[in-house]
Amino acid sequence: APATYSLAAYRPRPLAADAPALERVLAQAARLPPLGPEAPQAHLALRAEAERLFAAEKPFEAFLSMLEDHFSTGALVDKLSPQQQLAMQACQPIHDLTRALLAKDKEGIQAALATVQGLRQQHGLEQPVLALFEGNLRAKLGQRQAAMALYLQVLQAKPHMAAAYQDLGDALYAQFDAPNAWRSWDAGRAM
């Protein structure tokens, strides 16, 4: 049945100047249009960046760019050239990262966290994919506040990274903040 009400008169509260980062990120996400028709352009731009990084003989950075593309646009990695495949196979940081992310037990997750933190030190603390992975590892260790801080850092820098809204929502829900968890999940679904 059609709705018997209208939300046309609804206007979100304006953000206070001192609003917490969580509120600013979720309010910003609600105003962001989904990538929609821009998704192919965003994908092409991130893929072009990965190609540039491969050409500069930086396979780890190219790998991170492809992951950012996937987490933001949902695009799968296109075909890699044989040279790119070899470069990735020979790249120790890629092996270290992928091995670390497979950790299941507490000791393994703690070791994985140290690996990811070391990679962030080498490749920049602001690197969004590594920050997202560190947040996920911290969440697995029960360090939800630290994880949320990392998710918020990622979303402030990359507001269209849909996967980060899922992880932020999970961390909020684990802290019994269901309303904000749903806001975060909805933002990710809208992306």
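Nothing here was measured: the structure is a model prediction, and the numbers come from that model. Sequence order sets the numbering: in each chain, residues are counted from 1 along the sequence as written. Residues qualify for local features only when their pLDDT is at least 70, as the model is predicted, and side-chain atom pairs are given and counted only at 80 or more; totals for whole chains, interfaces and linings, by contrast, use all residues. By convention in this description, side-chain values take in all heavy atoms of the structure and omit both hydrogens and water.

Section: helix H9 (residues 162-174)
Relative to the 18 Å expected for 13 residues at 1.5 Å per residue, H9 spans 19 Å between its end C-alpha atoms, a close match to the ideal helical length. Considered for burial, the residues of H9 that qualify are Ala162, Ala164, Tyr165, Asp167, Leu168, Gly169, Ala171 and Leu172. For this analysis, residues touch if any pair of their heavy atoms sits within 4.5 Å. Runs of H or I in DSSP of at least four residues are treated as helices and runs of E of at least two as strands, each being numbered from the N terminus. Elements that come into contact with the buried residues of H9 comprise helix H1 (21-31), helix H3 (59-73), helix H7 (128-140), helix H8 (144-157) and helix H10 (178-190). Just downstream of H9 lies phenylalanine 176, where phi reads positive at about 65°. Expected helix span is taken as 1.5 Å per residue step, with the number of steps being one fewer than the number of residues. Each residue is placed in one exposure class: buried if its accessible area under a 1.4 Å probe, protein chains only, is under 20% of its type's maximum, exposed if it is over 50%, and partly exposed if it falls in between.

Here's the deal with the packing of aromatic side chains
In summary, the pairing rule links any two rings of Phe, Tyr or Trp, Trp by its six-membered ring, whose centres are within 6.5 Å, and it sorts them by plane angle into stacked for under 30 degrees, edge-to-face for over 60 and tilted for everything else. Inspection of the entire model under this criterion finds three aromatic pairs. Ring centres of tyrosine 173 and tryptophan 185 lie 5.6 Å apart, and the angle between their planes is 45°; on these two criteria the pair is classed as tilted. Residue tyrosine 173 is found in helix H9, and its partner tryptophan 185 is found in helix H10; the two are separated by 12 residues along the sequence. Residue classification places tyrosine 173 among the partly exposed positions, given a relative accessible area of 47%. Residue classification places tryptophan 185 among the buried positions, given a relative accessible area of 12%. Consider the rings of tryptophan 182 and tryptophan 185, whose centres lie 5.1 Å apart with planes at 90°: the pair is edge-to-face. Residue tryptophan 182 and its partner tryptophan 185 are both found in helix H10; the two are separated by three residues, about one turn of the helix. Since its relative accessible area comes to 47%, tryptophan 182 is described here as partly exposed.

Section: the pattern of salt bridges
Salt bridge, as used here, is a side-chain nitrogen of Lys or Arg placed within 4 Å of a carboxyl oxygen of Asp or Glu. What the rule picks out here adds up to eight salt bridges. Between arginine 47 and glutamate 51 there is a salt bridge, and its shortest N-O distance comes to 2.8 Å. Note that arginine 47 and glutamate 51 are positioned in helix H2 (residues 39-55) at a spacing of four residues, about one turn of the helix. A relative accessible area of 9% means that arginine 47 is categorised as buried.

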